[in-house]
Every structure is written in structure tokens, then in C-alpha cells.
Amino acid sequence: MVTSRIDTVCVEFSSAKRRMPSALQERLSSRQRQTRDEAYSREHADKVRDRLQAAEERRKGRLEKVKQKAIDTRPIIFSWGLNSSSSIIDSAGMSSDQSCGHSTEGVTVSPPIELLSANTSFAPSELDSAVFCHKNSSDFWQLVGTLHPMHWEPALLEVSSNIQIVPLSPSDVSSILDGDIDALRHLVTEINNRIQLVGDRCCIKLSSQSRAEHNQVVMSACNTLLSSYLSDGISVDMGREHATNCNAEAVAVLKAIQEGQVVSSGEDGLRRIITSARSGDHIKNATEVLSVLVSGFKKCIQPETEWRCFIHNREVTAITQYHHLCYFPGIENPRLQILQFLLPLLSHLPTDSCVVDICIPTDGSDPFLMDLSPFHCSTDGFLYDWSAPSDFETLTSGFADLRMRNEPSSSSLESVTQPHKDVIDSWWSSCLE
């Protein structure tokens, strides 16, 4: 009897609902949807808040482990830190100083970054032990071999500087170690053929080397070019010690070095490889077949157009100007342009974590990929210091943090070698006579 009564009420309610005006039905349905959406939103917000809190706790835990873990073995981390007068700009456009926490007029300075002693280093194995493996270990050279251009996908090669790969046979490697250029004539011919494919301006190096490792080899070529570049940006009236002139001297050295790295023949390129002090180490420690790389060196490659990008777990974590000791006036923050170039390439990288060097031309031409390096503490962090916990956290979990200089600094000459300084001294002497 009770069941029959309930059924009757339900039928009457359904009948009444069908007779309900459509506007009232819509209001009822809308309120039901609103109530359901509010409940879902509250539940979703709770989940998001819980996930953010958990992520923040994990981040604090990782940073605490980094700060507390110190290894008493031989140091493997070298700091290329900035002095107290060096200003940089982060991705938000704020100026910060890596070694002092005080404020100066016209400059907003972030709190100090805690630096480790030069005699200690930390190895947060819980985060990524490969970052701090010793440079002479097999793990490190395996990282180097994985980034060889022969492992690059077509998507990377298409946006590179037209890299040509010339494999080396065991006899070729032996001849390079022996310094026997006559036994490499066949290789000279092959490299010359590749040069014709990339153009007259090219760079030649071992597949495991960087262009910078040939700086000593091209010293004489740089010095012949340096005097002409010094005349471009130096104002003699301001005096030699003025930061603007120090910066101009450093930029002139960079331009001379870059131009000196340009190779026009296979024999010239092989001689640079043979006479490079580091070629022997690269050959002896290589885990894969070595090659000679011939890549185009476009005129748009200038000191101010090169950028180093840090990729961790296929995310862009940090960006720094490549020539980090110099200030380049007129260069706008390229963060957006760099992300537009890199994001489509992340899934095509040969490893989840690496360091990518790219060129962002200022002449309006397209950006292009220059080199890949291991995500390792021996890869220069430039405006980031691997041994600083705050910087290490940025390199491993930041989001496209960008640092670039916003003013000249007297520290810009720190990396200039004595032969270059001698040329600069001679140039100033001639100007002041």
C-alpha cells in the first residue's frame, strides 16, 4: 500500500513538471547545473591546492638536501661567479647581484645567493647524479656521445647551422693523435667537399669538442683582427679604465675570436684539431665513433646573438647570454622568441636534459641551433653557478628564467688572455701618443 502511494506521488510530480512553464524548467535546470559545477569547482580547487602544497614541500625538501649534502672528495665544480659590481637582468626585468644583498641607487638587488666554498662541492644524487659525475668518468663521456649530431632527429638538423658529419676511421684517429697531416689528405678532400655544401664561412671541430676549445689555436688570427675592432667602440676621451671602454675592449676580443674561428679549407680545420690541447683527451675518452663536424658560420653569428638554454626533463628552465661578461646595448629581452623556437624542439632532443646553444640573429633572419652540450656541471653556466643552491634549483626546476647584463662592467675583461691584453695595450699606446 505504501509503495503504491509513493509511485502515485512520483507520477503526479512528473506530470506536474511536464506542465511546468518552460522558463521555470530552464531556471530549475540551470540551478541544478550551477550547484553541480560549484561542487565540482570546490573539489577541483581542493585537489589543485593539495598538489601545489605537495609540490612546494618536495621543492623545499630537495633544496634542503642540496644545501646539506657536501662531499669531501676532490672538487669537481668550478665557479665562474660575478664580482660585486656585476649586474644582471632576470626574466622579470629586475636587476640582481649574485654576491651582495644591498640596494644601490637605480638598481633593485635581490637577496644574496649562498655560495659554496671553492674547496667543497655538492652532489644531489637524489635529483640527478649525472649532473655531477666526474668529467673523466664513463658516464660523462656517454652523455657527450648521446648528443652527437648523428643522433639528432631531422627536426633538429633542419634548424641547425647546416651541420655536415665526416666520420673518422681508426687510422684517421691515430693520424690525428700523431699529428700526421700528410696521412689525412683523403680526409682533407672530403672536408673540402662538405665545405662547398655549407659555404665558404664554416667552423670545423671534433664532434665532442666545442668551438671555444680552439681559441688558443686561432690566437694569431685574432690578434691581427683585434686592432680594427677596437677602433669601433672605444671612446678615448673617457679613459681606459671607464667601464664602457672595458666592455668595448672585451666585445672587440670576442668579435676577433669569432672571426678567427672561421675556416675556409679542410687542411686548416684539421690543423686546428691536431694542435688543440684537448683533442687528445676527447679522442681517448670517446665512447662512440668520432667525427669531424663542418657547420656553417653565418655572418649573423655575433657575440650578442648567442644564447645558452638549459633543458631539464624536456622543459626550458633557464636562459643566459652566451658571452656573459659583456653588455650589448640595444639587445632586447629575447625570452619569448627563444621559447617560440625551442618549445617545438623539446620532444626531438636526444636526451631529456641537455644544454642548447642557439643563435637569435638581430638582422631579422630565423633563429637556428648551434650546439648541444651535456646537462653537467662542467658545461659553463655563465650567469648561473652550478654550485649555488639557488641557481641549481633554477637550472633544474625553473621556467625559462633569463639573465642578461643591463650595464657595462669592469669585470668584462676577466676572461681576456694576456696575448690579447698585449694587443690592447699596444692600441692604447698608439692612441695616447
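What this report covers is the structure whose coordinates are included nearby. Every chain is numbered on its own, with residues counted from 1 as its sequence reads. Only residues with pLDDT of at least 70 get local features here, since the model is predicted, and only at 80 or more are side-chain atom pairs given and counted; chain-wide, interface and lining totals rely on the full set of residues. Values shown for side chains rest on all heavy atoms present in the structure; no hydrogens or waters enter the calculation.

## Describing the overall build of the chain
Move 1: Only DSSP runs of H or I covering at least 4 residues are called helices, and only runs of E covering at least 2 are called strands; the numbering of each starts at the N terminus. Per the secondary structure count, the chain includes 14 helices and ten strands.
Move 2: Here the chain, with 433 residues, has 45% of them falling under the buried criterion.
Move 3: In the chain, of all internal contacts separated by at least 6 residues, the share reaching a separation of at least 24 is 74%.
Move 4: About 22400 Å² of surface is accessible on the chain, with carbon and sulfur atoms providing 51% of the total. Remark: exposure states derive from per-residue accessible area (1.4 Å probe, protein chains only) relative to the maximum for the residue type, with buried under 20%, exposed over 50%, and partly exposed in between. Here a residue-residue contact requires only that any non-hydrogen atoms of the pair lie within 4.5 Å. Note on areas: Shrake-Rupley, 1.4 Å probe, and residue coverage restricted to the protein chains presented here.

## Quick look at the packing of aromatic side chains
Move 1: Only rings of Phe, Tyr and Trp enter the pairing, Trp through its six-membered ring, and a pair is recorded when the two centres are within 6.5 Å. The plane angle decides the type: under 30 degrees is stacked, over 60 is edge-to-face, the rest tilted. Considering all chains together, one arrives at five aromatic pairs under this definition.
Move 2: Judged by centre distance (5.5 Å) and plane angle (90°), the ring pair of tryptophan 427 and tryptophan 428 falls under edge-to-face. In this pair, the class of tryptophan 427 matches that of tryptophan 428, namely buried.
Move 3: By the ring-pair criterion, three or more aromatic residues cluster together here, those being Phe310, Phe375, Tyr384 and Trp386.

## Side note on the side chain of threonine 305
Move 1: With respect to the helices, strands and loops of the structure, threonine 305 is situated in the loop between strand 5 (291-296) and strand 6 (306-312).
Move 2: N or O atoms within 3.5 Å of each other form a polar contact, as long as, within protein, one can give a hydrogen and the other can take it, and as long as residues adjacent in sequence are counted only when both atoms are side-chain atoms. A polar contact of 2.8 Å, which involves the side chain of threonine 305, links it to the backbone oxygen of glutamine 302.
Move 3: When residues no more than four places from it in sequence are discounted, the contact partners of threonine 305 are Cys300, Ile358, Cys359, Ile360, Pro361 and Thr362.

## What about the pairing of strand 3 (residues 164-167)?
Move 1: Burial of strand 3 is one-sided: the residues Gln164 and Val166 facing one way are buried, the residues Ile165 and Pro167 facing the other way are not.
Move 2: Sheet topology note: the strand 3/strand 5 ladder contains four bridges and is antiparallel. Directly across from proline 167, in strand 5, lies its bridge partner serine 291. What makes two strands pair is DSSP finding at least two bridges between them.

## Let's talk about the sheet that holds strand 8 (residues 354-359)
Move 1: The strand order across the open sheet built from five strands is 9-8-6-7-10, with neighbouring strands paired in mixed fashion. Looking at the sheet topology across the chains shown, the edges are occupied by strand 9 (368-374) and strand 10 (401-403). Each neighbouring strand pair of the sheet contributes to a mean axis angle of 20°, computed without reference to strand direction.
Move 2: Both strand 6 and strand 8 contribute to a ladder of six bridges, which runs antiparallel. Comment: axis = line fitted to C-alpha atoms, over the contacting stretch for helices; angle = value between 0 and 180 degrees taken between N-to-C directions.

## Considerations on the environment of proline 350
Move 1: Along the chain, proline 350 turns up in the loop between helix 12 (335-342) and strand 8.
Move 2: Note: C-alpha distance between proline 350 and glutamate 153 (197 residues apart in sequence) is 7.8 Å.
Move 3: Sequence-distant contacts of proline 350, that is, excluding residues within four places in its chain, are made with Thr146, Leu147, His151, Trp152, Leu156, Arg314 and Leu372.

## Remarks on empty space enclosed by the protein
Move 1: Cavity: a set of points on a 1 Å grid over the protein atoms alone where a 1.4 Å probe fits but cannot get out. Pocket: an open set with protein on both sides within 12 Å along at least five of seven lines, its lining residues, like those of a cavity, having an atom within 4 Å of a point. Grid points are joined across faces, edges and corners, and a volume is the space filled by probe spheres set on the points. Considering all chains together, one arrives at four cavities of 30 Å³ or more under this definition.
Move 2: In terms of lining residues, the second largest cavity is bounded by Pro303, Glu304, Glu306, Trp307, Gln321, Cys326, Tyr327, Phe328, Ile331, Met404 and Arg405.
Move 3: Polar here means any residue outside two lists: the nonpolar Ala, Val, Leu, Ile, Met, Phe, Trp, Tyr, Cys and Pro, and the charged Asp, Glu, Lys and Arg; Gly therefore counts as polar. For the lining of the second largest cavity, the class distribution of residues is seven nonpolar, one polar and three charged.

## Structural notes on the environment of glycine 280
Move 1: Looking at the secondary structure, you find glycine 280 in helix 11 (residues 279-285).
Move 2: The class of glycine 280 is partly exposed, set by a relative accessible area of 22%.

## Section: the sheet that holds strand 3
What links the strands of a sheet is backbone hydrogen bonding, and the strands pair in either a parallel or an antiparallel sense.
Move 1: Taken in spatial order, the three strands of this open sheet run 3-5-4, and their pairing is antiparallel. What marks the edges here is a single partner per strand, and that holds for strand 3 and strand 4 (202-206). Neighbour-to-neighbour, the strand axes of the sheet open up by a mean angle of 20°, direction not taken into account.
Move 2: Its contacts with the sheet place helix 10 (residues 266-275) against strand 4 and strand 5, and it is angled at close to 40° to strand 4.

## Comments concerning the pairing of strand 4
Remark: a regular strand shows side chains that alternate across the two faces of the sheet.
Move 1: Within strand 4, five of the five residues are buried, which leaves the element mostly enclosed by the surrounding structure.
Move 2: Residues Cys202, Ile204 and Leu206 of strand 4 are buried on one face, and the alternating residues Cys203 and Lys205, pointing to the opposite face, are buried as well.
Move 3: Here five bridges tie strand 4 to strand 5, and the two strands are oriented antiparallel to one another. Paired with lysine 205 across the strands is leucine 293, a residue of strand 5.

## Re the nonpolar core
Move 1: Among the nonpolar cores identified, the biggest contains 26 residues, and Ile338, Leu342, Val356 and Ile358 are the most heavily contacted of them.
Move 2: Counting only elements with at least two residues in this core, the list comes to strand 6, strand 7 (315-321), helix 12, strand 8 and strand 9.
Move 3: With four residues, the single largest contributor to this core is helix 12. The nonpolar core is taken to be a set of buried Ala, Val, Leu, Ile, Met, Phe, Trp, Tyr and Cys residues, with the residues joined through side-chain atoms within 4.5 Å.

## Examining the layout of surface pockets
Move 1: As a volume, the second largest pocket reaches approximately 260 Å³.
Move 2: In terms of lining, the second largest pocket is formed by 14 residues, of which the most central are Gly233, Ala248, Val251, Lys255 and Pro329.
Move 3: Of all elements in the fold, only helix 8 (219-233) and helix 9 (243-260) reach the threshold of two or more residues within the lining of the second largest pocket.
Move 4: No other element matches helix 9, which puts six residues into the lining of the second largest pocket.
Move 5: Its residues placed into classes, the lining of the second largest pocket shows eight nonpolar, three polar and three charged.

## What about the packing of helix 9 against helix 14 (residues 418-432)?
Move 1: Relative to each other, helix 9 and helix 14 sit at 125°, their axes nearing to 11 Å. With respect to helix 14, the axis of helix 9 lies oblique. Where helix 9 crosses over helix 14, the handedness of that crossing is right-handed. Side by side, helix 9 and helix 14 meet where Asn245, Glu249, Val253 and Ile257 of the first sit next to His420, Ile424 and Trp428 of the second.
Move 2: For the contact of helix 9 with helix 14, the per-class residue count stands at four nonpolar, two polar and one charged. Any angle between 65 and 115 degrees counts as roughly perpendicular, while under 35 counts as roughly parallel, over 145 as roughly antiparallel, and the rest as oblique. Note: crossing handedness is left-handed where the near helix turns anticlockwise from the far helix by less than a right angle, and right-handed where it turns clockwise.

So far we have only geometry, and geometry alone does not tell us how the molecule works.
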